[in-house]
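Here is what each chain is made of, one letter per residue.
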Amino acid sequence: MDLDRDVLLQTFLEETQENLAQMEQALVALEASPSDDEAIRAVFRGAHTIKGNAATLGFRAVAEFAHAFEDVLARVRERALAPSTALTSLLLRALDVLREAVPLAVEGAEALPPASEAVREALARAREGALDEGRVAPAGEEARSSPDEHAPLGGGEGRVLEGRTLRVDVDRLDRMLRLAGEIAISRGRLRELLDRDAAARDALETHREADRLFLDLQEQIMEARLVPLGPVFRRHQRTVRDVGLAVGKQVALVVEGDEVEVDMAVVEHLRDPLTHMIRNAIDHGIEAPEARARLGKDPCGRITLRARRDSGSIVMEVEDDGAGLDLERIREVGAARGFDTARMRDADLRALIFASGFSTAATVTDLSGRGVGMEVVRRNVDLLRGTIAVESRPGQGTTISVRVPLTLAIIDGFQVQIGGGGGQTYVIPLDTVVECMELQPSSGERADDHGVIDVRGEAVPFLRLGGVFGLGAGDGEPRARENVVVVKHEDRLAGIAVDALLGQSQTVIKPLSKMFRGLPGVAGSTILGNGRVALILDVPALLREATGRRSAGAGPGPGEAAP
Amino acid sequence: MDVRATDANQSQYLSFFIDGEEYAIGILQVKEIIRYETVTKVPTTPRWIRGVLNLRGLVVPVVDLAAKFGLRETPVTGQTCVVIVETDLDGERTLMGVVADAVSQVLDFRPEDIGEPPPFGTRIRVDYIVGMGKVGKKFVHILDIDGVLSAAELMAVTSATGEPVAEVSGAAPGPAAQEAS
């Protein structure tokens, strides 16, 4: 019996989270268009379901709270109350209380969380039409972080009752993918063995056939992990509303391409960056309503979240119709922080907004100004092996595009080796590789960690992996000839000099232990066909290293730059 | 490794040699023992991080305790093995390999068999030792492996410059004074 109740409780939890997420979106929609009957009905339905379920399961406190909530909604439905900003804030607060209270009740708590009392009183006052605008704290900072954490992946979209859809435990999918990864590794090993043995031609043929089938299966598993971005995008309706309210700006959120699907692990990593980019756009991009009116713009600003698929990646854009980046201000702040902004291209200047601790805000507020948010964006996107591009049109707005791979678990890798026979193998993500070339002996002494090569007339900096990683000695005879793998990241080219090129192969990414997190130049690890571990290179980090060295080494000193 | 402690007081320990000295770890923390095979170096980490190895598809870090204790690096011989232990890293159960010159034996200790670590005179930092187990006339250092491999110690890895970090313990005197113990 207990087991049955556990299943029941789990279902209740999941359904409530979905209900709350949908109610939240409906409430925000209702505030924007108070005559939206469907929106008020949706909120009402959700509240009613929660109340009913909670009562059935014996969670009286939750049921009573939901009832009080419902009472107010009924007045709104009867048009006795208007969904004003203050009322919407209160109702959102009430959702937060439920969101917190339901898991607690399931764990056995009989009372509601302490914060609920004030909200309940406010609900009672609101019902009598006596909502005191000033006394209800807006659904503020501390409340805002919670929705995203509790909501299930995929949000309400996972439960399509009419279609032939099945709920699958995420762990189970993870296990399937891990297994697929294991098989990919032994597949590689098998092929290596068969390749070497001339007598095994028939076996190799059969293996190739099986390989094709396996690749198919692997693709199916990866596809099963894809979730639409829609729920993630729409959840930010609340962010936009709350942040806009907090800074006194009117902002509407437009969502495009929300049917685009992406691996759930990628979604996880995009959640925080999205929030930060949206906050940034509202706080720094969108102008105050009066200023917008003076400029002849719609007083209500617009933020567009857009997603599209582009070959193996998805591109996600956050676009605002605000003032655009103030490059002069960025140049100033950057110079004060020791960047050589006088010589920077505009693109590099724009990229500065992602630097750690960088902020053009004159004052630090609750919302922004500490220069942390955009750094989080950069870090998470790097983690996903993605790229960021910023476009800005003065007076018209800013667009930040984030390009990330569709999936995280398996990539095409290019293997290279440092040192001779007993050397170390490293894997470079193939999508960053532009070409490979032989390093001419004239391109600098072997002892140097870095140098410059000529790639079709362009001077491109390169670094010696062995030197940067402090390998070198003791790893077998140095090769007579070195090779350079030319890599590209966000429009920059750089070379990575290695001793040997081993070719490309499918690479299953294995997480590295927590203790190695933040290790410069290493993004992860994988297991090679011979059973050994190889490290996957963090190309963006190495590239920053390479170009950083160039400007430090070859550029004119600060003395020359001075007037 | 199907040995389990028979009562609530953990009483079985696996002992192994590091640089000639016998150390022990509570057996419940030992997952398995494997032969030392090629370990992939991890660049720009201190010398006592040997690298990572493939344990049936898991990528497991390998630590050279001798180097960490400021002793000589463990040379690789036919006897060299890696003791896979489960440890708590920043709130996460993590597998970690410890290089040993050789595995010695499984020891049974009653609580009264284990003495307090001496305040000084040990070759390694005293706070890494939870007790001294007596085996015949010899003492076995019982390691606080969670402490040795604790988050604070290991997380410092990524901020290290790659220079070998030999530890100097406050209480332990130099090798010359070791003779006395």
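With that settled, consider the overall build of chain A. On a plain count of helices and strands, chain A comes out with 18 helices and 17 strands. Here chain A holds 563 residues, and 40% of them are scored as buried. A separation of at least 24 residues holds for 69% of the contacts in chain A among residues at least 6 apart in sequence.

Quick look at the overall build of chain B now. A tally of regular secondary structure across chain B gives three helices and 11 strands. Along chain B, from the amino end to the carboxyl end, the secondary structure elements read β-β-β-β-β-α-β-β-β-β-β-β-α-α. Looking at chain B residue by residue over its 181 residues, the buried ones come to 37%. Within chain B, counting contacts between residues at least 6 apart in sequence, those at least 24 apart form 58% of the total.

Looking now at the environment of B:Val76. All names here are of chain B. Among the secondary structure elements, Val76 is positioned in the loop between α1 (65-68) and β6 (81-89). Taking the number of C-beta atoms within 10 Å as the measure of exposure, Val76 has 14 and is therefore partly exposed. Taking the C-alpha atoms as reference points, Val76 and Asp101, separated by 25 residues in sequence, lie 7.7 Å from one another.

The next point concerns the sheet that holds strand β5 (residues 313-320) of chain A. Either a parallel or an antiparallel arrangement is found when strands of a sheet pair, and the pairing is made through backbone hydrogen bonds. Residues and elements named next belong to chain A. Spatially, five strands are ordered β2-β4-β5-β7-β6 in an open sheet, and the strand pairing comes out mixed. Of all the strands in the sheet, just β2 (251-256) and β6 (387-393) have a single pairing partner and so form its edges. With direction set aside, neighbouring strand axes in the sheet form an average angle of 15 degrees. Sheet topology places β2 next to strand β4 (residues 301-310); six bridges connect them, and they run parallel. For Ala252, the partnering residue across the bridge sits in β4 and is Arg302.

Residues and elements named next belong to chain B. Across the sheet, which stays open at both edges, the six strands sit in the order β8-β1-β2-β11-β10-β9 with mixed pairing between neighbours. Each edge of the sheet is formed by a strand with only one pairing partner; in this case those strands are β8 (102-108) and β9 (114-115). For strand β10 (residues 129-135) and strand β11 (residues 138-143), the ladder comprises six bridges, and the chain directions are antiparallel. In the strand pairing of β11, Ile129 is matched with Leu143.

Right, let's get into the packing of helix α2 (residues 37-56) of chain A against helix α3 (residues 60-77) of chain A. Residue and element names in this part refer to chain A. Running from N to C, α2 and α3 cross one another at 160 degrees; their axes reach a closest spacing of 9 Å. When the axis of α2 is compared with that of α3, the two are roughly antiparallel. Between α2 and α3 lies a crossing of left-handed hand. Facing Ile40, Val43, Phe44, Ala47, His48, Ile50, Lys51, Ala54 and Ala55 of α2, the residues of α3 in contact are Val62, Ala63, Ala66, His67, Phe69, Glu70, Leu73, Val76 and Arg77. Its residues placed into classes, the contact of α2 with α3 shows 13 nonpolar, two polar and three charged.

Taken together, the contact pairs 21 residues of chain B with 23 residues of chain A. Mapped onto the side of chain B that touches chain A, the elements with two or more residues apiece are β4 (49-55), β5 (58-63), β7 (92-100) and α3 (151-155) of chain B. A per-element tally of the side of chain B that touches chain A places β4(B) first, with three residues. Looking at the side of chain B that touches chain A, its residues break down into 10 nonpolar, eight polar and three charged.

Another aspect to go through is the environment of A:Pro429. Residues and elements named next belong to chain A. Secondary-structure assignment places Pro429 in strand β9 (residues 424-429). Judged by the 22 C-beta atoms lying within 10 Å of it, Pro429 falls in the buried class. The residues touching Pro429, leaving out its near neighbours within four places in the chain, are Arg385, Ile411, Gly413, Ile536 and Val539.

The next subject is the nonpolar core. In this structure, A:Ile428 and A:Ile496 are the most contacted members of the largest nonpolar core, which totals 129 residues. Core analysis: the next-biggest nonpolar cluster, separate from the first, contains 38 residues, A:Ala21, A:Phe65, A:Leu73 and A:Ala122 among them.

Residues and elements named next belong to chain A. Of all residues in chain A, 84% attain a pLDDT of 70 or more, and the chain-wide mean is 79. Scored below 50 in pLDDT, residues 134-163 shows 58 contacts in the model against residues more than four places distant or in partner chains. Below a pLDDT of 50 lies the segment residues 473-477, which in the model reaches 11 contacts outside its immediate sequence neighbourhood of four places, other chains included.

Let us look at the environment of A:Ile496. Within the fold, A:Ile496 resides in strand β14 (residues 492-498). The spacing of A:Ile496 and A:Phe462 is 34 residues in sequence and 5.5 Å in space, taken between C-alpha atoms.

Before going further, it helps to spend a moment on unusual backbone geometry. For A:Arg456, which is not glycine, the phi dihedral falls at a positive 45 degrees. Here A:Arg456 lies in the loop between β11 (450-455) and β12 (458-464). The class for A:Arg456 is exposed, based on 8 C-beta atoms found within 10 Å. Despite not being glycine, B:Asp19 shows a phi value in the positive range, around 50 degrees. Counting through the fold element by element, B:Asp19 comes out in the loop between β1 (12-18) and β2 (21-26). Residue classification places B:Asp19 among the partly exposed residues on the basis of 18 C-beta atoms within 10 Å.

Turning our eyes to something else, we now look at the packing of helix α7 (residues 170-196) of chain A against helix α8 (residues 201-224) of chain A. Geometry of a packed helix pair, given as the angle between the helix axes and the separation of the axes. Residues and elements named next belong to chain A. The N-to-C vectors of α7 and α8 enclose an angle of 160 degrees; their axes lie 10 Å apart at closest approach. Classed by the angle they form, the pair α7 and α8 counts as roughly antiparallel. As for how α7 packs across α8, the hand of that crossing is left-handed. Mapping the contact onto sequence places Leu173, Met176, Leu177, Ala180, Ile183, Ala184, Arg187, Leu190, Arg191, Leu194 and Asp195 in α7 and Ala203, Leu204, His207, Asp211, Phe214, Gln218, Ile221, Met222 and Ala224 in α8.

All names here are of chain A. By the criterion of burial, β9 is predominantly enclosed, with six of the six residues buried. Of the two faces of β9, the one lined by Gln424, Tyr426 and Ile428 and the one lined by Thr425, Val427 and Pro429 are each fully buried. The sheet contact formed by β9 and strand β17 (residues 533-537) spans two bridges and is parallel. Paired with Tyr426 across the two strands is Leu535, which belongs to β17.

The subject of this paragraph is helix α10 (residues 236-247) of chain A. Each α-helix winds once per 3.6 residues, and so residues spaced three or four apart point in a common direction. All names here are of chain A. Its 12 residues give α10 an end-to-end C-alpha distance of 16 Å, which sits within 8% of 16 Å, the value for a rise of 1.5 Å per residue. Of all the 12 residues making up α10, nine are buried; the element is thus mostly covered by neighbouring parts of the structure. Every buried residue of α10 is listed here: His236, Gln237, Arg238, Thr239, Val240, Arg241, Asp242, Val243 and Gly244.

Time to look at the confidence of the model for chain B. Residues and elements named next belong to chain B. Averaged over every residue, the pLDDT of chain B is 77; the share at 70 or more is 77%. Counting contacts from residues 1-7, a segment whose pLDDT is below 50, to residues more than four positions away or on other chains yields 10 contacts. A low-confidence stretch, residues 159-181 stays under pLDDT 50, and its non-local contacts, those more than four residues away or across chains, total 30 contacts. Our summary of model confidence lists the complex with pTM equal to 0.58 and ipTM equal to 0.76.

Thresholds, definitions, all that
Residues numbered from 1 in each chain as written. Chains lettered and ligands numbered in written order. Predicted model: local features only at pLDDT ≥ 70, side-chain atom pairs only at ≥ 80, totals over all residues. Helix = DSSP H or I, 4+ residues; strand = E, 2+ residues; numbered from the N terminus. Buried ≥ 20, exposed ≤ 12 C-beta atoms within 10 Å, placed from the backbone. Contact = placed C-beta atoms within 7 Å. Pairing = 2+ DSSP bridges. Axes fitted to C-alpha atoms, helices over the stretch in contact; angles between N-to-C directions. Parallel < 35°, antiparallel > 145°, perpendicular 65-115°, else oblique. Left-handed = near helix turned anticlockwise from the far one by under 90°. Nonpolar A, V, L, I, M, F, W, Y, C, P; charged D, E, K, R; others polar. Core = buried A, V, L, I, M, F, W, Y, C linked by C-beta atoms within 7 Å. pLDDT = per-residue confidence, 0-100. Expected span 1.5 Å × (residues − 1).

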